[in-house]
Protein chains: 2
Amino acid sequence: MTSAPPLHPFDDAIALEAAGPHRYLGRTTPAYWNMIGPFGGITAATLLKAALSHPERLGDPISLTVNFAGPIGEGEFEIEARPSRTNRSTQHWQLELRQNGEVATTASAIFAVRRETWGCNEAVRPAAPAPEDVPGLPEGFAKVRWLSAYDMRPIRGGKPTAPDGTEHPDSITEFWLRDAPARTPDFPALASWCDSFYPRIFLKRAGFVPAGTVSLTTYFHTDADALRALGDSHVLCSARAQVFRKGYSDQTAQIWSAGGDLLATSHQIVYYKE
Amino acid sequence: MTSAPPLHPFDDAIALEAAGPHRYLGRTTPAYWNMIGPFGGITAATLLKAALSHPERLGDPISLTVNFAGPIGEGEFEIEARPSRTNRSTQHWQLELRQNGEVATTASAIFAVRRETWGCNEAVRPAAPAPEDVPGLPEGFAKVRWLSAYDMRPIRGGKPTAPDGTEHPDSITEFWLRDAPARTPDFPALASWCDSFYPRIFLKRAGFVPAGTVSLTTYFHTDADALRALGDSHVLCSARAQVFRKGYSDQTAQIWSAGGDLLATSHQIVYYKE
């Protein structure tokens, strides 16, 4: 007698059950729990998974915008994933996550069939020691469960270090990242990685304040084959803020392959209370 | 006998007529025409205007994502603007522009009531000579009508200069910008300015190729009073790409007040054919 290998916790977390046209059922899992709800990255990944699973899906994702409209509680939720327009080589999606009849998250995505063209990386991967030479997060770094689902190795801006209440000179964080246990990446994994930075204000103000992502937009600059080829290598993640003003700050992030390819660029607007 | 002053071309272009719950009617105007449809910035501004005009609207815009799903032809269109969730101090919007029964553009926006908090500009405005010392675009710069609706004064990367087909070292463009004729800015004007850069690939490859914005996300870091206080001053606009790959490139942009405040940060993913 043989049994199926156990599902990776990430695959378990984003698992969806088709429940009629444009409709999918999912549920939160403890492995990706944040402070009072699921980690935003796993919500983004699950929404993207719904479009990827849809029978009318065309091509690969090129952009994903997720608007975190309200809290998601422990338990089941429903996703509506609807193509709003399909062209010859692009497809536009509207997505909505509801729980107990209320809209918790809205999203839009664009998929495309991509062709070989001239291309270049204008941005350059930050220099960094090899992942095997960088220690992981120290024990007790933060009391949120989802961090254990990642092997995160900070190179810069790992932990706010300035005396509490003083200002850090910049809001740059860089780390090597891999799923834990290691998992060959796909688009949902990449979407999730883009939200793996703590709020920039924690670093800038060197301390904890109530804060949370309000809207997250990710552009994908890679394809399924290139993601698969990454295997169990780490990716280099980099983020910074440009401005903090009247309760909201931005964050702009890059996810790089170890080899220097820019896999995704991602932006978010983050609420903070000071 | 007195008559009302003529409407500014921008106000004329984004004018909407309420046509029932969540429904607004608009039409294209020649002043903001691009090559084969309206300038993307004016479409973004018009969608934002619909949410701003809505009787249930709460606070000021903090983010706007516009997905350009299909062409918009000359003439009338219809916008559906619907709040999908209203919280105590934030409000989430779904927007859709339809023409002849077909979805041409989808969008989402988040509005918020903002409070005074600690804040800072981490990014720094690029150095630039005063706008009055910078000449405008040369006669015949580009044969698109919407450019005449702007007073654009390039500081850097104004025109692709490398020999055709060779590669420009970077994709950075900076210019002073103001509506023409001058107009005291509001959120729709700011939303439109964010799309006023030509596609980065024109600069990088030093020539014209078919290209167009697929999705545009703008974060607003200012408020209505601060915008009004800008009066008829120019703003400094800066943009660059990070990557060009398989038919799509990104663009990240900043809009600065002359005094150095970061008014908006904006990102887009752009299709190109090479």
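Residues numbered from 1 in each chain as written. Chains lettered and ligands numbered in written order. Predicted model: local features only at pLDDT ≥ 70, side-chain atom pairs only at ≥ 80, totals over all residues.

## Side note on the overall build of chain A
To keep things clear, this is the line we draw: Elements are defined by DSSP. Helices are runs of H or I of four residues or more, strands are runs of E of two residues or more, and each kind is numbered from the N terminus. For this measure, only C-alpha atoms enter the radius of gyration; the expected value for a globule follows 2.2 Å times N^0.38, where N is the number of residues. With C-beta atoms placed from the backbone, the exposure class of a residue follows from how many other C-beta atoms lie within 10 Å of its own: 20 or more, buried; 12 or fewer, exposed; in between, partly exposed. This entry defines residue contacts through backbone-placed C-beta atoms, with two residues in contact when those atoms are within 7 Å.
On a plain count of helices and strands, chain A comes out with 5 helices and 14 strands. Taken against the 2.2 N^0.38 rule, which gives 19 Å for 274 residues, the C-alpha radius of gyration of chain A at 18 Å falls within 12% of a compact globule. Its C-alpha atoms put chain A at 55 × 50 × 45 Å along the principal axes. Buried positions account for 48% of the 274 residues belonging to chain A. In chain A, the proportion of contacts linking residues at least 24 apart, taken out of those at least 6 apart, comes to 68%.

## Quick look at the nonpolar core
Condition: Only buried residues count toward a nonpolar core: Ala, Val, Leu, Ile, Met, Phe, Trp, Tyr and Cys, linked into one set through C-beta atoms within 7 Å.
Among the nonpolar cores identified, the biggest contains 144 residues, and Leu 48 and Leu 190 of chain A together with Leu 48 and Leu 190 of chain B are the most heavily contacted of them. Every residue in contact with Leu 190 of chain B, bar those within four places of it in the chain, is listed here: Pro 185, Phe 220, Leu 227, Ile 255, Leu 263 and Ala 264 of chain B.

## Observations concerning unusual backbone geometry
Comment: phi is negative for the bulk of residues other than glycine, and the bulk of peptide bonds are trans. Residues and elements named next belong to chain A. Between Ala 180 and Pro 181 the backbone carries a cis peptide bond, its omega angle lying at -5°. Assignment of secondary structure puts Pro 181 in the loop between strand S9 (173–179) and helix H3 (187–193). With phi around 50°, Asn 100 is a residue other than glycine that occupies positive phi space. Positionally, Asn 100 belongs in the loop between strand S5 (90–99) and strand S6 (102–112).

## Comments concerning the environment of Tyr 219 of chain A
When you line up the elements, Tyr 219 of chain A lands in strand S10 (residues 211–220). Excluding anything up to four places from it in sequence, Tyr 219 of chain A contacts Ile 62, Ser 63, Ala 264 and Thr 265 of chain A together with Asp 250 and Ile 269 of chain B.

## Re the relation of the copies chain A and chain B
Convention followed: Copy-to-copy superposition: least squares on the C-alpha atoms, limited to residues that have pLDDT of at least 70 in both copies.
Overlay of chain A on chain B (RMSD 0.0 Å): rotation 180°, translation along the axis 0.0 Å. Expressed as an axis order, the relation between the two copies is that of a two-fold axis. Of all interface residues in chain A, 100% are interface residues in chain B too; the two copies therefore contact each other through one and the same surface.

## As for the interface of chain A and chain B
This is how the line gets drawn: Polarity classes work like this: nonpolar for Ala, Val, Leu, Ile, Met, Phe, Trp, Tyr, Cys and Pro, charged for Asp, Glu, Lys and Arg, and polar for all others, with Gly in that last group. Paired strands are those between which DSSP finds at least two bridges.
Tallying the contact residues gives 48 residues for chain A and 48 residues for chain B. Each residue belonging to the side of chain A that touches chain B can be placed in one class, and the counts come to 15 nonpolar, 23 polar and 10 charged. As paired strands, strand S7 (residues 120–121) of chain A and strand S12 (residues 243–245) of chain B are joined by 2 bridges and run antiparallel to one another. Bridging across to S12 of chain B, Asn 121 of chain A finds its partner in Val 243 of chain B.

## Some thoughts on the pairing of S5 of chain A
Residues and elements named next belong to chain A. Most of S5 sits inside the fold, with 8 of its 10 residues counted as buried. Here strand S4 (residues 76–86) pairs with S5 via 8 bridges, running antiparallel. Within S5, the position partnered with Ala 81 by the bridge is Leu 95. Hairpin geometry of S4 and S5 is characterised by an intervening segment of 3 residues between the two adjacent antiparallel strands. Strand direction decides the pairing type here: S5 and S6, joined by 10 bridges, are antiparallel. The residue of S6 that forms the bridge with Glu 96 is Thr 106. Counted along the chain from S5 to the antiparallel partner S6, the turn is 2 residues long, and its residue Asn 100 has a positive phi close to 50°.

## Section: the environment of Lys 273 of chain B
Residue and element names in this part refer to chain B. Relative to the helices and strands, Lys 273 resides in the segment after strand S14 (262–272). Spatially, the C-alpha atom of Lys 273 lies 47 Å from that of Ala 4, the residues being 269 residues apart in sequence. Apart from the residues lying within four places of it in its own chain, the contact partners of Lys 273 are Val 209, Pro 210 and Gly 247.

## What to know about the pairing of strand S14 (residues 262–272) of chain A
Residues and elements named next belong to chain A. With respect to burial, S14 is a largely interior element, 11 of its 11 residues being buried. In the sheet, S10 pairs with S14 via 9 bridges, with the strands oriented antiparallel. Bridging from a neighbouring strand, Tyr 219 pairs with Thr 265 of S14. The pairing of strand S13 (residues 248–257) with S14 spans 9 bridges and is classified as antiparallel. Directly across from Asp 250, in S14, lies its bridge partner Ile 269. Here S13 folds back onto S14 in antiparallel fashion, the turn holding 4 residues, of which Gly 260 has a positive phi close to 100°.

## A few points about the confidence of the model for chain A
Convention followed: Every residue is assigned a pLDDT by the predictor, reflecting its confidence on a scale from 0 to 100.
Per-residue pLDDT for chain A averages 95, and the proportion of residues at 70 or more is 98%. For this predicted complex, the interface confidence score (ipTM) comes to 0.96, while the overall pTM stands at 0.97.

## Thoughts on the environment of Leu 263 of chain A
All names here are of chain A. Assignment of secondary structure puts Leu 263 in strand S14. Distance in space between the C-alpha atoms of Leu 263 and Leu 236 is 9.9 Å, their sequence separation being 27 residues. Setting aside anything within four residues of it in sequence, one finds Leu 263 in contact with Leu 190, His 221, Thr 222, Val 235, Ile 255, Trp 256 and Ser 257.

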